[in-house]
Every structure is written in C-alpha cells, then in structure tokens.
Amino acid sequence: MRAPSRLLLLALLVLFTAPPVTARDEIEDTISLLLARMTLEEKVGQMTQLTLGAVSRSKADSTNPDGHRLDLEKLRQAVVEKHVGSILNVHAMAFSARHWHSTLNQIQDLATTETRHKIPILYGIDSVHGANYVREATLFPHNINLAATWNPELVEKVHAVTARETRAAGIPWNFGPCLDVGRQPLWSRFAETFGEDVHVSERMATAAVRGLQGNSLSAPYQVAATAKHFLAYSNPHSGRDRTQSLLPERYLREHFLPPFIRAVEEDVQAIMVNSSEVNGLPVHANHNVLTKLLRGRMKFEGVVITDWEDVRKLHELHRVAPSVREAVRLAVEAGIDMCMVPNDFHFTDNLIALVREGLIPEEMLDNPVRRILRLKHRLGLFEQPMPDPSLIDEIGREDANALSLQAARESLVLLKNNGILPLSQKGKILLTGPGCHSLAALHGSWSYTWQGADEKAYPPSLDTILEAFNAGHGRDNVLWARGAQWDGSTDFDYAIRKAQNADAIVCVLAEEPSTETPGNISDLAMPQNQLRLVRSLATGKPLILVLLESRPRLITEVAGLCHAIIYAGQPGPHGGAALYELLTGRLNPSGRLPFTYPRSPHNLLPYDHKYSDTIGRDAEAPGFHPLYAFGHGLSFTSFEYDNLKVPAAPLAQTDRLAISVEVTNTGQRRGIETIHLYVRDLYASVTPPVKRLRAFTRAELGPGERRTIKIELPISDLAFFGPENYPIVEPGEFEVMIGNQTAKIAVE
Ligand code: BGC
C-alpha cells in the first residue's frame, strides 16, 4: 500500500484541526461582504429609525383604526432614497392583525425589491403588557401587577405569549421589558416596573427576557427583547418623567444596574437608553455608561437604540451640544447604534455630513451597522421578511386568555380585611367610584393607545368590574353610581342614595391612565374628589375599597374608614372577573406588595432604607412608618412559620448558605404563601440597610398542610456595594429572617 501523499496528510490535518464553520460564522461573513458593498448613506440609513406616522397619511380615527394608510411617497423617500432600516410604533391606535400584515407587507416589499441590497426593515413596537397595539391580542396586567404575583414562571409565560402574539402580527422586535427599578413612587411609569426591590426586578428580568426571546429568535413565536431604559431612568429627583436623577454611584450600581446585567446574561438583543440625565450627564451622550460599562464590563453585543428623539434633545433640551450636528456626534461617539429619530432625517443627514467632514471616521459606523444587520439575520428576516398569514390564528388564543386571568388573580393584594371579606353570596352590592365601569382604569397606559385612556379604543367584548359583577352576582343584585369622575366632578348624593339599598359598598378608586410626561403629578394623594367619595359612603355599612392605580396614590385619610382594601394595580382585561372572585371568596388572594405603600407624601422610603432613616420624633411619629409594608398581603387562610434552621458553623465566602423553615397552613382554606428571605448585615463598612430581600419562593398549601421550605444561595448573594462601589461580603454576623423566625449566621 502506498503511503499517503503529503498533500493528503495536510488536507486531513486541516479538516480535523480547523474549527468548524458555524452558522454564526456564516452570518458574520455574509454581513462583512454586505458591509463592504454598502455606501456611507446606506450605512447611516440602517442606523435610522422612523416612526410609522412619518411614512403615513393622516391619523386614522378611533372608529376605524384600520383606516390608516401608508403614504407611499414618504415611505419610498425613507426606505429607498434615505435607506432607512427600521420603523417603529403604531399610528394613533391598535391595528387589527390583518392591517399589520398588509402594512408590513407593503413596507417589506419595498425594502426587499426596490433597494440595492434588499435589506429587510426591522420593525419595532412597544408590547408593554401583551401585544397591546394589536387589536385581537391578549393583554396582561402591567409589570407592577406581575411583580405582585411573586411568580417568575408566570412572568416568563406571560412574556412568551406577548412574543407569540407580537410576532404573529408580523413584528419581530419588542421594546421591552422595562427593567427600571421602581424606587420613586411619583414616577408616571411606576406600573411598568417590577417594583422597588432589585432582587425581585432581577428575577423578573430574567423571566421576561427568556419568555420573549426563547431559544430561537427566528422562530415564528419569539421576538427580540429590549431591556430599557439604560440606566437609572426610574428615579427622577422631582418625580417627573425624563427629569434628572441624582444618584451616588454606589446606589446606582446596587439598585438600578443588576436587572440589566441579568438581561445581558440572557442574551437580550437590544438595550434602549434612558432619555434623561443622571448626575448631570444625559445618558445618550455618556460614553462611560454606553461603551465602557455596557460594552466593556457587561460585554453587551446587541443593538443600543436611543429613546424617542433623544439625540436631538441633547441640543434642544439638555444643552450639552451647541447644535443638532454636535448632538449626533456626541451620541454616536458615546455608543448608540440606532437612533429613534423618529420624525425626519436630522440624524441621517447630520451623520452623513459628520463623516464627510472627517469628524467621524466611516469605519466607526461599521460596528453599529454590523450589530443591526446581525439582529435582522438572527430574526430570520433575510429569509422571511413578510408576515406569515397563517400565524394570525395564534393571536388571542384561549390559553392566552386563561393565562391573563391567572395573572390578574395572582396579582391582587388584599391589604386590609377586618373580617368583612369574603362577602356573602347573597345581598345587594353597590359598585361606585370612577374605576367601577371603565376598561381604561383596569388596563392603564399602553393599551390600544399610548396613554390607554381612550375608552372607545377597547374591545367591547371585555368586561368592566361592573359588568363582571353583573355577570357573577346577577344584575338585580348589583347597583351602581359613579360618584366621582376623573374630571374632578362628583355626584355623592346619588351614590349615597343608592348605598341605602345596598348590603355592601365596593368603591373603586382609580387613577386615570397615563404614562411618561402626560402622567406627571405633583401630589401623590389620590385625587380629592375620590377621597371625599369614600368619606361620604362611610356610614357603617361594609365598605370595601379597591385601588386601580399605576403608583401608590395616598389613601391614608380614608384607609381607616374602610373595612377591607384591595390593591388591584392595573390588572388588565380580566381584572373585573378576578376582583369579583376575590370579593366573593371564590379566589383566595395571594398577591404581595412589590413596593412600600407610603403613608404620607414626604416619606417615600423603600423597605431597604438605612437605620438613620428610621429616626423619628417619638414612637408616635417614627421615621419609617408606611401604610403597608413591602411584601404585605393577606389571605383568607393563615400561615405559620417555625423551625428555622441555618448553618451553625461560620461560612466561607465561597460556601453556599442552606436554610430551611417549616411553613404550615393553619387556616381552613387552601392558599399560596410567598416566603421571603430577608438578611440583615449587622455591621458593615458602608452603613447597612435595615434588611435586604435575598430570596423568595412560593408554596401552595392545603388546610393543615405543613411543608419544609429549603432555600439555598451562594454567600456572594449577601454582598453589598462597598466603599469602592463593587460588591463585597464582609466577614461578620448576619441575621436571617423568614416570617417571624430569625437566626444568626457568621461569615468568615
Ligand atoms: C418611551 C419608550 C418607548 C418609545 C417608543 C418613548 O417615549 O420612553 O419606552 O419604547 O417611546 O414608543
């Protein structure tokens, strides 16, 4: 037998030692080839995102949203002449899935037939709580309600449905989840957060990104997610949206950054930038945040998108740039990839001019464009740019509807019950308050319209609370009187007269839906006319207060007048049914507050405040005295804890902390208990908070059932951000708290 030739040996060597060519490499090679052929204008076009309104004819009216029409001339100018690579948003209000398909077909048809490189458009939308701009889609409770369920598995499922229904409408990119941590209760977007605690926000961030993106972005039921708004948007000093945050570096890293780290770990495909300024620096111009931190330390490889018109605002509002052109330079140099311009070509034209003038090297655009093209590839848009008509039936499926009902049920928090609930199945109930007959109040913002306040935009098939009570309790047994309206008007006399014939009064106070700047308030109190309605109904008859609100509006002055209080937040389309079930005892409530419910306007401290924050005048006026504590929530059964076990020997920094506790359902009903593990670092070099939530889990127990709950976490999870602003665990004693059980552990 002849010896193999040297050439053959070499070929075999190459075959067995060269790394295999992966799909990833192939995509990168394709992108490189494409990039090499793209002109400057084409690259800048990919970095440009316009709103649908900029390429549409006049707005459709609410009686005929599908009357919206693209302006084909404007669309051609954008996509063909200006090479625009991305479009966002709805026009005026939610379209039907069919109208989305026909709109996207026209857009993609133009992009993939009449442009030189046939690059599909990347369409993005705010599916904030369900695919809320698709008329037939399933809407869900807002994030603050999802956080109140303390159920990350449920949150993942909810986001998976959101992805499925958004994609089925033909839209592959969602501007969510919102991972801002809700530590400023005045903020108009509080309901979009998962509450005040960073650990809860981290767990929900992971769940939400997993649900949206799944395992394969090109699958017909997933979308690319956008973690927003990076970084520290949710803590405006004034409480008003898009105003400055003043945050010490340590506090910022400890309480606002971690959910974004979790999202990047889950391979989130995009990050949207915070519109406002932090410590005097607008984030859109902050290279330290967008490049050093996000790309360098966090290793984020996806697309960084600006928020709405925020590059221009670097000049016009924040005044860090003396011209719009300079604003464009600052933002691109800081590290944005795509600009949500969104109405014209100021970004596009100025960026081209900056490169031509030699102020920005053209190569600097290659990475942003590569990342955008990569996302289009991953989403499968090059193979299948058009919406798939067969997916329309996936929207609004019965299982999705059932999931929305489950989420609403699990999100209701029973704050107070002096024994009046559950209500007897017999007797007449008066429903009153501005929220009792309003779909808008149940849904909140980002519902069919941006603000969500247009009652006519809601599908008539949905039930208000009143309609849910009529269906469940029988029309003859339900009375109603609005009593107070959002415009400040009142009709107390009518409500009082009706109350005379009722056995129980359910007063649904509600915040008018709003978000962003239109939602700014300067008084956290529930509007006065609504509080007065409660007073006028407090005659001794069972009075149950239901709160539909996007943030904890103060109700202290009437809380004592009510026999029961339910925080319902913005529970979505099935809020009415879920509330009816809770009030009549068909549902045993399990929601727990994911935020501290304040008692007074100038004491908005979170649960994990410092010891010095607790200093008060005396026992009557302590420094920290919320109306309802973070984690609070009652049940129709009761739970008891005992036998907390923690390791007796000191633990090393690399150890895991294993804890167990027994939980018993001591009442008469099956119920769900959320087990919170708090840890208190007794002494630390940075003043320790009074306690921190370090883990949580849920257990469903039948009457009399007892279960051992085991929680295990690495010691590194007990870290705080030390004097150098990095997480550290200092040796010493810690107190572990679960329910009424406490125990000490030591770390070496
Ligand atoms: C909001 C973003 C949103 C964007 C697009 C902005 O005003 O701040 O959260 O994704 O609009 O609608």
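**Some thoughts on the overall build of the chain**
Line of reasoning, step 1. In terms of helices and strands, the chain carries 22 helices and 25 strands.
Line of reasoning, step 2. Expected size for 748 residues packed as a compact globule is a radius of gyration near 27 Å; at 27 Å, the chain falls within 12% of this value.
Line of reasoning, step 3. Taken along its principal axes, the extent of the C-alpha atoms in the chain is 90 × 70 × 65 Å.
Line of reasoning, step 4. Within the chain, the proportion of its 748 residues that are buried is 61%.
Line of reasoning, step 5. Counting contacts in the chain only where the partners sit at least 6 residues apart, residues at least 24 apart contribute 77% of the total.
Line of reasoning, step 6. Accessible surface, the chain: about 28900 Å² in total, of which carbon and sulfur atoms supply 51%.
Line of reasoning, step 7. Separation of charge centres in the chain, based on 76 positive and 86 negative side chains, amounts to 1 Å.

**Thoughts on the domain arrangement of the chain**
Line of reasoning, step 1. When cut into domains, the chain gives domain 1 (6-394), domain 2 (412-614) and domain 3 (639-747).
Line of reasoning, step 2. Averaged C-alpha coordinates put domain 1 and domain 3 at centres separated by 38 Å.
Line of reasoning, step 3. Of the residues lining the interface, 15 residues belong to domain 1; the matching set on domain 3 comes to 16 residues.
Line of reasoning, step 4. For the pairing of domain 1 and domain 3, the buried interface totals around 1400 Å² over both sides, and the portion due to carbon and sulfur atoms is 56%.
Line of reasoning, step 5. When the buried surface of domain 1 facing domain 3 is broken down by residue, W150, R250 and E254 rank first, second and third, together holding 47% of it.
Line of reasoning, step 6. On inspection of domain 1 and its partner domain 3, the count reaches one salt bridge.
Line of reasoning, step 7. Residue E254 pairs with R692 through a salt bridge whose shortest N-O separation is 2.8 Å.
Line of reasoning, step 8. Our enumeration of links across domain 1 and domain 3 arrives at six residue pairs in polar contact (both at pLDDT 80 or more).

**Examining the nonpolar core**
Buried together is how nonpolar side chains tend to be arranged in soluble globular proteins.
Line of reasoning, step 1. Core analysis: the biggest nonpolar cluster contains 131 residues, and W100, F230, L231 and F347 have the highest contact counts within it.
Line of reasoning, step 2. Three or more residues apiece are contributed to this core by two domains, here domain 1 (6-394) and domain 3 (639-747).
Line of reasoning, step 3. Aside from chain neighbours lying at most four places away, what touches F347 is M47, T48, V311, V328, V332, I336, C339 and V341.
Line of reasoning, step 4. If you look at the next biggest cluster of nonpolar residues, it comprises 40 residues, including M93, A441, L548 and A578.

**Notes on the environment of L212**
Line of reasoning, step 1. The topology assignment puts L212 in helix α8 (residues 198-213).
Line of reasoning, step 2. Linking L212 and I87, residues 125 residues apart in sequence, is a C-alpha distance of 20 Å.
Line of reasoning, step 3. Apart from the residues lying within four places of it in its own chain, the contact partners of L212 are H159, A160, T162, A163, N174, G176, P177, Q222, V223 and A225.

**Some points on the pairing of strand β6 (residues 270-273)**
Line of reasoning, step 1. By the alternation rule, side chains of β6 split into A270 and M272 and I271 and V273, which are all buried.
Line of reasoning, step 2. Direction of pairing for strand β5 (residues 226-230) relative to β6: parallel, over a ladder of four bridges. The partner of K228 across the bridge, within β6, is M272.
Line of reasoning, step 3. Pairing geometry for β6 and strand β9 (residues 303-305), over three bridges, is parallel. Bridging from a neighbouring strand, A270 pairs with V303 of β9.

**As for the sheet that holds β5**
Line of reasoning, step 1. Sheet architecture is open: three strands sit in the order β5-β6-β9, paired in parallel fashion. One side of each edge strand has no neighbouring strand; the edge strands of this open sheet are β5 and β9. Between one strand axis and the next, the sheet turns through 25° on average, direction left out of account.
Line of reasoning, step 2. Contacts between helix α10 (residues 258-265) and the sheet are confined to β5 and β6, with β5 contributing the most and set at about 155° to the helix.

**Observations regarding the site of the ligand**
Line of reasoning, step 1. Within the structure, the ligand sits among L88, D126, F175, R189, K228, H229, R242, M272, D307, W308, M340 and E516.
Line of reasoning, step 2. Contacts to the ligand include K228, whose side-chain N or O atom sits 2.9 Å from an oxygen atom.
Line of reasoning, step 3. Interatomic distance of 2.7 Å between a side-chain N/O atom of H229 and an oxygen atom of the ligand.
Line of reasoning, step 4. Protein chains shield 95% of the accessible area of the ligand, which is 310 Å² for the free molecule.
Line of reasoning, step 5. Looking at side-chain class alone, the shell around the ligand contains five nonpolar, one polar and six charged residues.

**Remarks on helix α14 (residues 346-356)**
Line of reasoning, step 1. With respect to burial, α14 is a largely interior element, nine of its 11 residues being buried.
Line of reasoning, step 2. Of all the residues in α14, the buried ones are H346, F347, T348, N350, L351, I352, A353, L354 and V355.
Line of reasoning, step 3. Looking at the buried positions of α14, the neighbouring elements they touch are α3 (40-46), β1 (48-51), α12 (310-316), α13 (324-334) and β10 (339-340).
Line of reasoning, step 4. Looking at the residues trailing α14, positive phi occurs at G358, about 80°.

The rules we used
Residues numbered from 1 in each chain as written. Predicted model: local features only at pLDDT ≥ 70, side-chain atom pairs only at ≥ 80, totals over all residues. Heavy atoms only, no water. Helix = DSSP H or I, 4+ residues; strand = E, 2+ residues; numbered from the N terminus. Rg over C-alpha atoms; globule rule 2.2 N^0.38 Å. Buried < 20%, exposed > 50% of the residue type's maximum accessible area, 1.4 Å probe, protein only. Contact = heavy atoms within 4.5 Å. Areas by Shrake-Rupley, 256 points an atom, 1.4 Å probe, with all protein chains shown as cover. Lys, Arg positive; Asp, Glu negative; His and termini not counted. Charge placed at Lys NZ, Arg CZ, Asp CG, Glu CD. Domains from an automatic or database assignment. Buried area = accessible area lost by both parts, 1.4 Å probe. Salt bridge = Lys/Arg side-chain N within 4 Å of Asp/Glu carboxyl O. Polar contact = N/O pair within 3.5 Å; in protein donor to acceptor, adjacent residues only side chain to side chain. Core = buried A, V, L, I, M, F, W, Y, C linked by side-chain atoms within 4.5 Å. Pairing = 2+ DSSP bridges. Axes fitted to C-alpha atoms, helices over the stretch in contact; angles between N-to-C directions. Near = heavy atom within 4 Å. Nonpolar A, V, L, I, M, F, W, Y, C, P; charged D, E, K, R; others polar.

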